Amino acid sequence: MKKILLAALTGLAWANSSFAQSSVTLYGLLDVSIGFSERGAGTVAPGTAASGMRAKSRLTDLQSNVGPGSRWGLRGTEDLGGGAKVNMVLESGLSLDTGATTQGGLLFGRQAYVGLSNANGWWISAGRQYSPMHAAYAQLTPMGGSYLGNVMGNSGYGPQNAMGASAGGGSYQTPGRVDNSVLVRKQLGDFTASLMVGAGNENDRGTGRLVNPGISYRKGPLLMHATYARWRANAESIGAGADPANLSMLVVGGAYEFGPVRMFAGHYEFRNPQDLATRSAAAANSPFAYTWHKTRTNWIAARMPVSTGAFTVELSRNTFKHHGAADGSSTVLGLLYEHTLSKRTSLYASAGQTSNNAFANNYHSGTSYILQPNGYGAKIRAVSLGMVHRF
């Protein structure tokens with residue numbers, strides 16, 4: 001890793017700072033909606049109604065972050081000359097319905113990094129930032145992890161990857177946003193290679209440490225991604241004396257433009273071999289706690305522009321692998337229509353459905369708006385009508 005960082009820094013052609021020019025931009029996005037949802041009846045335990053049933057429930061509410069997610073931030077660059085630049089981002093998430101800060105209350109919980117880049121295609125940055133895994137997954141789905149029924153959020157990506165992690169603790173939201181991380185990226189013609197390393201909880205047990213390489217190919221109408229992440233269980237998810245297991249994640253897929261229609265397909269896999277007996281109370285009591293050791297998601301999706309906006313559909317199938325028990329599965333559908341009012345403002349109608357089999361209790365989500373199931377085998381339906389304004 002030291003050699004890679006040295007090569008990245010050496011490859012950056014720094015110019016005389018006396019020619020530097022800098023700029024900082026305030027930007028943001030406001031996302032609010034009215035939602036209607038129905039969560040079907042489900043069983044308390046998998047595969048049997050003898051364990052008891054939880055009744056159907058309905059909800060109408062004012063929502064934020066079903067769509068792209070409300071945020072504000074500062075984005076800055078300094079031109080060092082010769083194609084070299086300093087780059088920085090400080091980005092904060094919020095809920096427009098209550099005004100509360102999101103990402104666990106972190107001031108700049110969405111992103112906080114500073115780094116360098118040059119005209120030769122090198123990039124290096126450090127801080128709390130998106131991983132190659134997150135970038136690939138988002139670009140391989142037209143909703144990019146937003147709106148009801150989106151592939152990313154409904155595959156378990158995010159809530160189930162760093163159980164019990166505390167905001168500011170070093171592993172919160174790993175491996176999507178990674179604390180204490182360094183990202184190195186190099187563009188090589190039509191290919192882009194990336195490598196991220198994260199220090200995790202920064203302790204002598206090595207909990208939360210992450211390595212995430214990735215490669216992408218983009219040429220004309222074709223986009224392809226392959227990325228693999230491996231990290232140690234975070235400190236909050238295991239007992240004080242437990243050895244942190246190595247968790248891993250894989251995403252591969254592609255997108256292609258057929259005239260005005262852009263098609264997407266891909267595969268996601270998450271493995272957690274951690275012995276359930278070593279889990280901490282925080283992880284065991286999480287609303288996203290699970291008993292399976294591996295989950296897989298396959299998807300197809302499409303986005304088609306129209307004169308007033310765009311239509312998007314995403315269809316995914318999740319499988320949950322258990323040791324010595326029947327597999328759970330859920331089918332998720334997401335539908336979206338975006339209507340453009342101006343360059344900065346749009347309306348949207350988002351609809352989604354999750355259908356769980358008798359051995360699955362998968363939730364249904366938008367960006368960070370989450371509907372928990374009423375039990376195993378429960379079906380969840382939701383519709384949201386909203387507005388997005390960018391500034």
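Residues numbered from 1 in each chain as written. Predicted model: local features only at pLDDT ≥ 70, side-chain atom pairs only at ≥ 80, totals over all residues. Heavy atoms only, no water.

(A) Structural detail: the overall build of the protein chain. Tallying secondary structure elements over the protein chain gives 4 helices and 21 strands in all. In terms of overall dimensions, the protein chain is globule-like: its C-alpha atoms have a radius of gyration of 21 Å, near the 21 Å expected for 391 residues. For the C-alpha atoms alone, the extent of the protein chain along its principal axes is close to 75 × 60 × 40 Å. The buried share of the protein chain, taken over its 391 residues, is 48%. (Helix = DSSP H or I, 4+ residues; strand = E, 2+ residues; numbered from the N terminus. Rg over C-alpha atoms; globule rule 2.2 N^0.38 Å. Buried < 20%, exposed > 50% of the residue type's maximum accessible area, 1.4 Å probe, protein only.)

(B) Region of interest: the side chain of Q111. By secondary structure assignment, the location of Q111 is in strand β7 (residues 111-117). A relative accessible area of 12% places Q111 in the buried class. Excluding residues that lie within four positions of it along the chain, Q111 makes contacts with V89, L90, E91, R128 and Y130. (Contact = heavy atoms within 4.5 Å.)

(C) Summary view of the side chain of S95. Residue position: S95 is located in the loop between β6 (84-93) and β7. Take S95: its relative accessible area is 14%, and that puts it in the buried class. Residues within four places of S95 in sequence aside, it is in contact with S64, N65, A100 and T102.

(D) Examining the nonpolar core more closely. Counting residues in hydrophobic clusters, the biggest one holds 34 residues, and the most contacted among them are Y137, Y268 and F270. The set of elements that each furnish at least two residues to this core consists of α2 (132-139), α3 (151-154), β9 (177-188), β12 (222-232), β13 (246-258) and β14 (261-271). Residue contacts for Y137: discarding those within four places in its chain leaves V151, M152, S155, Y157, V251, Y268, T297 and W299. (Core = buried A, V, L, I, M, F, W, Y, C linked by side-chain atoms within 4.5 Å.)

(E) Here's a closer look at the pairing of β9. Inspection of the sheet shows strand β8 (residues 122-130) paired to β9 by 8 bridges, in the antiparallel sense. Each bridged residue has a counterpart across the sheet, and for A126 the counterpart in β9 is V182. In this sheet, strand β10 (residues 191-198) lies alongside β9 in antiparallel orientation, the contact comprising 8 bridges. In the sheet register, K186 faces β10, and the bridge partner there is A193. (Pairing = 2+ DSSP bridges.)

(F) Looking closely at the packing of aromatic side chains. Under the counting rule described, the total for this entry stands at 15 aromatic pairs. A connected cluster of aromatic rings, assembled from ring pairs, spans W231, F270, Y290, W292 and F320. The ring of W123 carries the charged tip of R185 above its face, separated from the ring centre by 4.7 Å. A cation over an aromatic ring shows up here: R279 above the ring of Y290, its NZ or CZ 4.5 Å from the ring centre. (Phe/Tyr/Trp six-rings, centres within 6.5 Å; stacked < 30°, edge-to-face > 60°. Lys NZ or Arg CZ within 6 Å of the ring centre and 35° of its normal.)

(G) The pattern of salt bridges, seen in detail. Evaluation of the coordinates by the stated rule reveals 10 salt bridges. When the shortest N-O distance is used, the salt bridge between R262 and E257 registers 3.0 Å. One salt bridge in this structure joins R271 and E269, with 2.8 Å as the shortest N-O distance. R271 gets classed as partly exposed once you look at its relative accessible area, which sits at 39%. E269 sits in the buried class, given a relative accessible area of 11%. Connected through shared salt-bridge partners, E38, R58 and R381 make up one network. (Salt bridge = Lys/Arg side-chain N within 4 Å of Asp/Glu carboxyl O.)

(H) How the structure looks around the environment of L90. In this structure, L90 sits in strand β6. We classify L90 as partly exposed; its relative accessible area is 26%. Note: C-alpha distance between L90 and V114 (24 residues apart in sequence) is 8.8 Å. Residues within four places of L90 in sequence aside, it is in contact with Y27, W72, G73, L74, F108, Q111 and A112.

(I) Expanded view of unusual backbone geometry. The peptide bond linking T174 to P175 adopts the cis configuration, its omega dihedral lying at 5 degrees. Its location among the elements puts P175 in the loop between α3 and β9. One non-glycine residue, Q103, lies in positive phi territory at about 55 degrees. Residue placement: Q103 occurs in the loop between β6 and β7. Residues other than glycine seldom take positive phi values, yet Y147 does so here, at roughly 75 degrees. By secondary structure assignment, the location of Y147 is in the loop between α2 and α3.

(J) A look at a nonpolar patch on the surface. Together, I34, F36, L62, V383 and L385 line one region of the surface with nonpolar side chains, adding up to about 440 Å² of accessible area. Among the secondary structure elements, those contributing two or more residues to the nonpolar patch are β1 (21-39) and β21 (379-390). Looking at the element boundaries, V383 is found in strand β21. V383 sits in the partly exposed class, given a relative accessible area of 37%. (Patch = residues over 30% accessible without salt bridge, like charges linked within 9 Å, V, L, I, M, F, W, Y side chains within 5 Å. Areas by Shrake-Rupley, 256 points an atom, 1.4 Å probe, with all protein chains shown as cover.)

(K) How the structure looks around the environment of F108. Mapped onto the fold, F108 is located in the loop between β6 and β7. Classification of F108 as partly exposed rests on a relative accessible area of 22%. Distance in space between the C-alpha atoms of F108 and N201 is 18 Å, their sequence separation being 93 residues. Look past the residues within four positions of F108 in its chain and what remains in contact with it is W72, L90, E91, S92 and R128.

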